[in-house]
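Observations on chain architecture
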Amino acid sequence: MRVFSELPPSVRALTLPGRTDPALVFLHGLGSAGVPAFGAVAADATFEGRERLLPDLLGFGFSDRPLDFGYSLDDHAAAVADLLDQRNLTSVDLVGHSLGGSIATVLAYRRPDLVGRLIVLEPNLLPWDGTASVEIARQSEAEFVDTGIDRLIAESDPEWASTLRIADPVALHRTAVSLCVGPDPTVQSMLESLTVPRLYVYGDRTGAPSQESRLASAGVHFACIDNAGHVMMFDNLAGTVEAMRAGLLL
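Notes on the structure follow.

Quick notes on the rules
- Residues numbered from 1 in each chain as written.
- Predicted model: local features only at pLDDT ≥ 70, side-chain atom pairs only at ≥ 80, totals over all residues.
- Heavy atoms only, no water.
- Core = buried A, V, L, I, M, F, W, Y, C linked by side-chain atoms within 4.5 Å.
- Buried < 20%, exposed > 50% of the residue type's maximum accessible area, 1.4 Å probe, protein only.
- Contact = heavy atoms within 4.5 Å.
- Helix = DSSP H or I, 4+ residues; strand = E, 2+ residues; numbered from the N terminus.
- Lys, Arg positive; Asp, Glu negative; His and termini not counted.
- Salt bridge = Lys/Arg side-chain N within 4 Å of Asp/Glu carboxyl O.
- Polar contact = N/O pair within 3.5 Å; in protein donor to acceptor, adjacent residues only side chain to side chain.
- 1 Å grid on protein atoms, 1.4 Å probe; cavity = no way out; pocket = protein on both sides within 12 Å on 5 of 7 lines; lining within 4 Å.
- Points joined across faces, edges and corners; volume = space filled by probe spheres on them.
- Nonpolar A, V, L, I, M, F, W, Y, C, P; charged D, E, K, R; others polar.
- Pairing = 2+ DSSP bridges.
- Axes fitted to C-alpha atoms, helices over the stretch in contact; angles between N-to-C directions.
- Right-handed = clockwise from strand over helix to strand, strands pointing away.

General note: in soluble globular proteins, nonpolar side chains tend to be found buried as a group. Core analysis: the biggest nonpolar cluster contains 53 residues, and Leu-27, Leu-84, Leu-94, Leu-107, Leu-118 and Leu-172 have the highest contact counts within it. Apart from the residues within four sequence positions on either side, Leu-94 is in contact with Val-25, Leu-27, Ala-104, Leu-107, Val-115, Arg-117, Leu-118 and Ile-119. If you look at the next biggest cluster of nonpolar residues, it comprises 22 residues, including Phe-26, Ala-37, Ile-119 and Met-233.

Residue position: Glu-122 is located in the loop between strand S5 (115-121) and helix H4 (132-137). For the buried Glu-122, no salt bridge exists, and the shortest N-O distance to an oppositely charged side chain is 9.1 Å, to Arg-205. At a separation of 2.9 Å, a polar atom in the side chain of Glu-122 contacts the main-chain amide nitrogen of Gly-203. Once you skip the residues sitting within four places of it in the chain, Glu-122 turns out to touch Ser-98, Tyr-200, Val-201, Tyr-202, Gly-203, Thr-206, Gly-229, His-230 and Met-232.

The next subject is empty space enclosed by the protein. Counted by the stated rule, this structure contains 1 cavity of 30 Å³ or more. As for the largest cavity, its lining consists of Leu-73, Ser-102, Asn-124, Leu-125, Leu-126, Pro-127, Leu-179, Gly-182, Pro-183, Thr-186 and Val-187. For the lining of the largest cavity, the per-class residue count stands at 7 nonpolar, 4 polar and no charged.

Next up on the list: the sheet that holds strand S4 (residues 92-97). Judged by pairing direction, the sheet is mixed, and its 7 strands sit side by side in the order S1-S3-S2-S4-S5-S6-S7 without closing on themselves. Two strands in the sheet have a free side with no partner beyond their single neighbour: strand S1 (13-16) and strand S7 (221-225). Strand-to-strand twist across the sheet, computed as the mean angle between neighbouring axes with direction ignored, equals 20°. Where S5 meets strand S6 (residues 198-203), 4 bridges bridge the pair, whose relative direction is parallel. Along S6, the bridge assignment pairs Leu-118 with Arg-198.

Let us look at the side chain of Asp-168. Relative to the helices and strands, Asp-168 resides in the loop between helix H6 (158-164) and helix H7 (169-181). In this structure, Asp-168 is buried with no salt-bridge partner, the nearest side chain bearing the opposite charge being Arg-65 at 4.6 Å.

Quick look at the pairing of S6 now. The buried count for S6 comes to 6 of 6 residues, which makes it a mostly enclosed element. Where burial is concerned, the two faces of S6 agree: the one with Arg-198, Tyr-200 and Tyr-202 and the one with Leu-199, Val-201 and Gly-203 are both buried. The sheet contact formed by S6 and S7 spans 5 bridges and is parallel. When the bridges of S7 are listed, Tyr-202 appears paired with Cys-224. Regarding topology, helix H9 (residues 212-217) serves as the crossover connection from S6 to the parallel S7, and that connection is right-handed.

What follows is the structure, given as structure tokens:
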């Protein structure tokens, strides 16, 4: 008889039912969770009738937080791939914010059968390409678990702090380190090499990425959200939904 501790770690997800041709999948950012990050977007009338899947990445939200898991971008992408395989979903429309955009790109690169369109919202493209992830990764795992996580929560805005409190500190640190180290090839190289329709979304307060011309030459489309920063879903929900709607027509 198998006991619970021997079961593989589980990625838990909220599903809004609808047709699966294709499903729409949202991947949240570092220290966040599926519903807080994308619940308002997924529930918008624009996407009614589509099956919408909002996973919590391993170590975050309500998903399992195994201590023997590496939490690299490839590890997270493989766990999401397992979730899609379990649900017999292929060629999904995949949306990812920040960390989630990086994982979404890795997933599309490693498992092209699973992704039909890709929308990334200010993903980390290159090693040490971030702010919060760099701050976390510069600490040792032990230091971050002992004191760093509490300091980060205390210094964060209320929305992010609320999901940081339920994130596993080990998972958060290992994921941040993986973002800073990056996969091989880089997320940027993966994004450039993909052949599926790709949309890069950024807030006007953040500005276009320095790699815009290179990515555009590789066929990546761009959308700028007015009156928005890095977390554009909160800053301008309507603008984010409209950009995504246009991206799904590419």
